[in-house]
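# Observations on the three-dimensional arrangement
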Amino acid sequence: MKDGLSAKSIYRKDYMVYPWDINQLDLYFDIGSESTIVRAEMKFHLKDEEKATQDIVLNGSDLQLVSLSLNGRVLRGDDYTIDGETLTIPGAPVKSVLKTEVKIHPASNSALEGLYLSGAFLLTQCEAQGFRKITWFPDRPDVMTTYRVTMEAARSEFPVLLSNGNEEASGDLPAGRHWVRWHDPFPKPTYLFALVAGDLALVEDHFETRSGRDVVLRIYVEVENLDRCGHAMESLINAMHWDEERFDLEYDLDIYHVVATNDFNMGAMENKSLNIFNSKYVLARPDTATDADYQGIEGVIGHEYFHNWTGNRVTCRDWFELTLKEGLTVFRDEEFSADMQSRAVKRIRVIRDLRSRQFPEDDGPMAHPIRPDHYVEINNFYTATVYQKGATIIRMYHTLLGESGFQKGMKLYFERHDGQAVTCDDFLAAMADANGVNLDRFGRWYSQSGTPQVHISDHYDAATQKYTLTLKQHTPATRDQKSKKALVIPFAVGLLTTNGEDLPLQLENETDATGGTRLLVMEEAQQEYVFINIPEAPVPSLFRDYSAPVKVFYDYSPMQLATLIAYDSDAYVRWDAAQRMAQGAILEQCQRLADGKDMRLDSSLLMAFRGILSDRLADPALLAEAMILPDEDYLAEQMEVVDVDGIHVARKFIKKGLANDLASLFAKRYTELNDGQHYQKTPGAMAHRALKNVCLSYLLDTDAGESLAVAQLESSDNMTDTLAAINGLILVDSPMAGAALSEFEIKWKEDALVMDKWFTMQAIKPGPDTVNRVKELMQHPAFSIQNPNKVRSLIGVFAMLNPTGFHAADDSGYEFHADRVIELDGLNPQIAARMASAFNRWKRYDDDRKKLMKAQLQRIAVVDGLSGDVSEIINNALR
Ligand SMILES: [Zn+2]
């Protein structure tokens, strides 16, 4: 599997049931950082009792085999075969007990899969296929068994020994050693196994479930972080309450552990009762974490907790079904955050994320449906498509069936499948059967990749007072699928008067007019809807609440957009109208620039911004979102051939123009919001900070900005305001930026998470010189290429969020990044593959850049011993 050339695709259609049941797995760990001994005893029972014998097939990787015995007989070399990651024992009897002993080496495990070392402790990461790096076992999600785990270690070095389930027994051993035994009564797949051993401190709280179970909640961290766990604990308790109230789901064990580590490939992991988290999603104090960090922690703590039902109690049959647990659980965490914070702001952030991360995936070399049909390396399919688009598909069930219909479906899903490993088809069937509806056509969303386009035209007939909307859907071919079918697309619309009031809606065949929003459900390639009794040509408010993962095309006039921005009752439509207007203005200037014409500022955009800045009624966080201009990557997606520099210059021109024309309004709003209040964690205070800092970012494009930013920095009592000020100074190239950065560095140099922000601020600075700064920063004592958070915050940010740096015309960004992909591949293939995907969109650039990027891809492709992870990404990009 390490050799890219021999890496083979695995197909969903090839699924076969594992022939054995394994009722019990006993694991024994003799823990040491340099080497750990793992003994396993598993009881096999052949499912098909008609057969007398069957081969036992196990998975393992990088294991030093010490011994192997079957039914009490030690197996010798010719009793079994090992081929790559597969061990086969031929002809085992119907009931078989297999015992294994292996040695593994946590300290030298830099891939951070299996058992590895992080600071002062050892921990595991088993999703998707890390368990095979711990011991031989059928490492697939449909083999579920109960675990009993005994750990033994030196007490001084490893005072804390944790695994899944409840602690069953513990004791002392000679020579300062001790042991602990854990038992998890719920059968689970290997990917949910976890173990933690080391010197950790803890904070503790309690939660009483609705039926009266007292659950002990513990968050384990390194001792210096004890004062940063409060928000995570509060979020956990809120999540437990919320899941009882909204989904009628209770927690099922007496203990819930969260462990925070600085060394983690992902965000967090939902191991049964022993969640392991990237410390980024646990640790927060107002002076170290931004509002976005606080919201991220709430969301991820919720997400992993919600997996206890959607993922753990009902799990996936195989990894093709990943979206079964992830799409559903992301939907649940989005709803949790929406109920805790502002629903509208949460929706807009989710939609922005989907459009800027998932849409490019559909349009790129790794395009795949939310349920892929094949893969080489499953780690490459933890994608925005499987997660974020998957969640949008779940949201469509919710839109079509309503909250009560959706909950009926969830109930039936758990009734039918608790304790099972199932498929997306089973989920769809539960939703359909519980509601007595046919969802067969809806099921196409699981197998079809690509972003559907909905093109809309309209016609108003004053004589008959009829308004006709014609919707056409079309999904462009993707790299993985040429032909596409019509999909079920829920599409909510409203119609506004020119004064911005919702008109009552009545379709041609209806007797009465109802409400201001109508959900149309498109099922065919083209459909027509005729609204009657419409007294004037209306302004269409299309696609309210963003009811499907599609692109909507309608030729809005500037007046229509202005009406929607000012008056629409739907927050998404207001925001989207402002984004459309800004996008149109920026892309127009980009074109003028290319044509050698002077750029100019659009008057309707100025008017819209004037309205937003004068609005004292709407949620300030929504106003902030409306004034954040579309980012350069999103704008790039809208162009046939990406004009990297043109987009940058045009966007800057528009921002500066708005800032200077509306300087007094920005200043007034900023002063109102900068009211000297002390930090508060409430959604209201966060909304104020959001709008204040958007105003500051515009003011920094005026003469007044620098002194305001410096003053904000000096008086700031929280990381949100601090970062906004320093980032702003850096982006406008202020001479004050250097001093602000070095003060920040001196203050936080010992703090890994805060230093990630320091790296990011510098990596994101536009322009071709930044690559040299990034190279220098790699030598900084706080940087380590072995640490995924560091790699993401410096190298990842440079390649993915700094278009004028990464795409520098002289190849310096590409060459640097390709070197890093190659370097990382030898350490951590999973992270290397993520980084390699920065080249995925190379075909969309001009010929010179295309040539340069292709050459770097080819350079990576021929590296000796390239991992399957990276070779899948690179070969797909080159194909
Ligand atoms: Zn998840």
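Residues numbered from 1 in each chain as written. Predicted model: local features only at pLDDT ≥ 70, side-chain atom pairs only at ≥ 80, totals over all residues. Heavy atoms only, no water.

## Concerning the overall build of the chain
Counting secondary structure elements, the chain contains 26 helices and 31 strands. Here the C-alpha atoms of the chain give a radius of gyration of 28 Å, agreeing with the 29 Å that 2.2 N^0.38 yields for 879 residues. When each of the 879 residues of the chain is scored for burial, the buried share is 59%. For the chain, the share of sequence-separated contacts (at least 6 apart) that also reach a separation of at least 24 residues comes to 71%. Approximately 34000 Å² of the chain is accessible, and the part contributed by carbon and sulfur atoms is 50%. (Helix = DSSP H or I, 4+ residues; strand = E, 2+ residues; numbered from the N terminus. Rg over C-alpha atoms; globule rule 2.2 N^0.38 Å. Buried < 20%, exposed > 50% of the residue type's maximum accessible area, 1.4 Å probe, protein only. Contact = heavy atoms within 4.5 Å. Areas by Shrake-Rupley, 256 points an atom, 1.4 Å probe, with all protein chains shown as cover.)

## Examining helix α4 (residues 343-362)
Taking 1.5 Å per residue as the helical rise, α4 with its 20 residues ought to reach 28 Å, and the 27 Å between its terminal C-alpha atoms agrees with that figure. For α4, the principal kink sits at Arg-355 and spans about 30 degrees. Of all the positions in α4, only Val-345, Arg-347, Ile-348, Val-350, Ile-351, Leu-354, Arg-355, Gln-358, Phe-359, Pro-360 and Asp-362 are classed as buried. Packed against the buried residues of α4 are α3 (322-340), α5 (384-417), β31 (551-553), α9 (571-594), α11 (620-627) and α12 (632-637). (Expected span 1.5 Å × (residues − 1). Bend = angle between axes of the 7 residues up to and from the residue.)

## Focus: the coordination of the zinc ion
Distances from the zinc ion to its protein donors, His-303 (NE2), His-307 (NE2), Glu-326 (OE) and Glu-326 (OE), fall at 2.0 to 2.6 Å. Around the zinc ion, the 4 donor atoms sit at angles spanning 54 to 152 degrees, and that spread fits a shape best called irregular. Donor residues binding the zinc ion come from one chain and are separated in sequence as H-x3-H-x18-E. Taken together, the residues His-307 in the loop between α2 (291-306) and β22 (315-316) and Glu-326 in helix α3 connect sequence positions 19 residues apart. There is no split in this pair, since His-307 and Glu-326 are both buried. (Donors = N, O, S within 2.8 Å, 3.2 Å for Na, K, Ca; no water. Tetrahedral: all angles 85-135°; square planar, octahedral: opposite > 155°, others 65-115°.)

## A short note on the packing of α9 against helix α10 (residues 603-614)
Relative to each other, α9 and α10 sit at 145 degrees, their axes nearing to 10 Å. The two elements α9 and α10 meet at a crossing, and its hand is left-handed. Where α9 approaches α10, its residues Met-581, Ala-582 and Ala-585 are matched on the opposing element by Ser-604, Leu-605 and Ala-608. Per-class residue counts for the contact of α9 with α10 are 5 nonpolar, 1 polar and no charged. (Axes fitted to C-alpha atoms, helices over the stretch in contact; angles between N-to-C directions. Left-handed = near helix turned anticlockwise from the far one by under 90°. Nonpolar A, V, L, I, M, F, W, Y, C, P; charged D, E, K, R; others polar.)

## Here's the deal with the pairing of strand β27 (residues 489-496)
Counting buried residues in β27 gives 8 out of 8 residues, a clear majority hidden from the surface. Of the two faces of β27, the one holding Ile-489, Phe-491, Val-493 and Leu-495 and the one holding Pro-490, Ala-492, Gly-494 and Leu-496 are both buried throughout. As paired elements, β27 and strand β28 (residues 518-522) share 5 bridges and run antiparallel to each other. Paired with Phe-491 across the strands is Leu-520, a residue of β28. Here 4 bridges tie β27 to strand β30 (residues 539-542), and the two strands are oriented antiparallel to one another. The partner of Gly-494 across the bridge, within β30, is Ser-541. (Pairing = 2+ DSSP bridges.)

## Overview of the side chain of Thr-36
Within the fold, Thr-36 resides in strand β3 (residues 36-46). Only 2.7 Å separates the side chain of Thr-36 from the backbone oxygen of Gly-32, close enough to count as a polar contact. Once residues lying within four places of it in the same chain are set aside, the contact partners of Thr-36 are Phe-29, Asp-30, Ile-31, Val-102, Lys-103, Ile-104, Pro-106, Leu-115 and Leu-122. (Polar contact = N/O pair within 3.5 Å; in protein donor to acceptor, adjacent residues only side chain to side chain.)

## Overview of the sheet that holds β31
Spatially, the 4 strands line up as an open sheet ordered β29-β26-β25-β31, and their pairing is mixed. The open sheet has two free edges, formed respectively by β29 (526-531) and β31, since each of these has just one partner strand. On average, each strand axis in the sheet is inclined to that of its neighbour by 20 degrees, with strand direction left out of account. As defined by bridge partners, strand β26 (residues 466-474) adjoins β29 across 6 bridges and the pair is classed as antiparallel. Each bridged residue has a counterpart across the sheet, and for Leu-469 the counterpart in β29 is Tyr-529.

## Notes on the packing of α10 against helix α14 (residues 663-673)
Viewed as axis vectors pointing N to C, α10 and α14 meet at an angle of 20 degrees, and their least axial separation amounts to 10 Å. As the angle between them shows, α10 and α14 are arranged roughly parallel. At the point where α10 passes α14, the crossing takes the left-handed sense. Where α10 abuts α14, its residues Phe-609, Arg-610, Leu-613 and Ser-614 lie against Leu-665, Phe-666 and Arg-669. Its residues assigned to classes, the contact of α10 with α14 shows 4 nonpolar, 1 polar and 2 charged. (Parallel < 35°, antiparallel > 145°, perpendicular 65-115°, else oblique.)

## Overview of the side chain of Asn-379
Secondary-structure assignment places Asn-379 in the loop between β23 (374-375) and α5. Judged by its relative accessible area of 8%, Asn-379 is buried. A polar contact is formed between the side chain of Asn-379 and the side chain of Glu-113, at a distance of 2.9 Å. Residues contacting Asn-379, with those up to four places away along its chain left out, are Glu-113, Ala-128, Gln-830, Arg-834 and Asp-869.

## A look at unusual backbone geometry
Cis geometry is found at the peptide bond from Glu-127 to Ala-128, where omega equals 0 degrees. Within the secondary structure, Ala-128 sits in the loop between β11 (121-125) and β12 (145-154). If you check the backbone angles, Ala-175 has positive phi at about 60 degrees while not being a glycine. In this fold, Ala-175 is placed in the loop between β14 (166-173) and β15 (177-188). Judged by its relative accessible area of 76%, Ala-175 is exposed.

## What about the packing of aromatic side chains?
Overall, the coordinates contain 40 aromatic pairs when judged by the stated rule. Between Trp-242 and Phe-247, the aromatic rings sit 5.6 Å apart at their centres with planes inclined by 50 degrees, giving tilted as the arrangement. Comparing Trp-242 with Phe-247 shows no difference in burial state: the two are buried. Their ring planes at 80 degrees and their centres at 5.0 Å tell us that Tyr-413 and Phe-427 sit as a pair that is edge-to-face. Linking Tyr-413 in helix α5 with Phe-427 in helix α6 (residues 424-435), this pair joins segments that are 14 residues apart in sequence. In this pair, the class of Tyr-413 matches that of Phe-427, namely buried. Pairwise contacts between aromatic rings join Trp-242, Phe-247, Tyr-251, Tyr-256, Tyr-305, Phe-306, Phe-331, Phe-336 and Phe-406 into one cluster. In this structure, Lys-272 packs its charged tip against the face of Phe-186, placed 4.2 Å from the ring centre. The positively charged end of Arg-317 is found above the aromatic ring belonging to Tyr-15, 3.8 Å away from the centroid. (Phe/Tyr/Trp six-rings, centres within 6.5 Å; stacked < 30°, edge-to-face > 60°. Lys NZ or Arg CZ within 6 Å of the ring centre and 35° of its normal.)

## Some remarks on the pairing of strand β10 (residues 114-118)
Burial of β10 is extensive: 4 of the 5 residues sit out of reach of the surface. Where β10 meets β11, 5 bridges bridge the pair, whose relative direction is antiparallel. Within β11, the position partnered with Leu-115 by the bridge is Thr-124. Hairpin connection of β10 to β11: 2 residues between the antiparallel strands, including Gly-119 at a positive phi of 55 degrees.

## Re helix α15 (residues 683-699)
Between its first and last C-alpha atoms α15 spans 24 Å; for 17 residues at 1.5 Å apiece the expected length is 24 Å, and the two agree. For α15, the complete set of buried residues consists of Ala-685, Met-686, Ala-687, Arg-689, Leu-691, Lys-692, Asn-693, Val-694, Cys-695, Leu-696, Tyr-698 and Leu-699.

## Notes on the confidence of the model for the chain
Reading predicted coordinates in detail is not appropriate for stretches of low pLDDT. Averaged over every residue, the pLDDT of the chain is 97; the share at 70 or more is 99%. Counting interchain partners and residues more than four positions distant, the pLDDT-below-50 stretch residues 1-6 has 13 contacts. (pLDDT = per-residue confidence, 0-100.)

## Section: the sheet that holds strand β17 (residues 201-208)
Each strand in a sheet pairs with another by means of backbone hydrogen bonds, the pair being arranged parallel or else antiparallel. With mixed pairing, the 5 strands of this open sheet are ordered in space as β17-β18-β19-β21-β20. Whereas interior strands pair on both sides, the edge strands pair on one side only; in this sheet they are β17 and β20 (268-269). Here β20 runs beside strand β21 (residues 274-278); their pairing, made up of 2 bridges, is antiparallel. Bridge pairing in β21 places Met-269 opposite Ile-276.

## Examining the nonpolar core
With 277 residues, the main nonpolar core has Leu-27, Phe-29, Phe-193, Tyr-397, Phe-427, Phe-491 and Phe-531 as its most contacted residues. If you tally residues by element for this core, the top one is α5, at 13 residues. Leaving out residues up to four positions away in the same chain, Phe-491 has contacts with Val-454, Ile-456, Leu-471, Arg-518, Leu-519, Leu-520, Leu-542, Phe-543, Ser-547 and Val-552. (Core = buried A, V, L, I, M, F, W, Y, C linked by side-chain atoms within 4.5 Å.)

## Describing a positive patch on the surface
Together, Arg-479, Lys-482, Lys-843, Lys-854 and Arg-879 give the surface a local cluster of positive charge. In this fold, Arg-879 is placed in the segment after α26 (868-878). Classification of Arg-879 as exposed rests on a relative accessible area of 63%. (Patch = residues over 30% accessible without salt bridge, like charges linked within 9 Å, V, L, I, M, F, W, Y side chains within 5 Å. Salt bridge = Lys/Arg side-chain N within 4 Å of Asp/Glu carboxyl O. Lys, Arg positive; Asp, Glu negative; His and termini not counted. Charge placed at Lys NZ, Arg CZ, Asp CG, Glu CD.)

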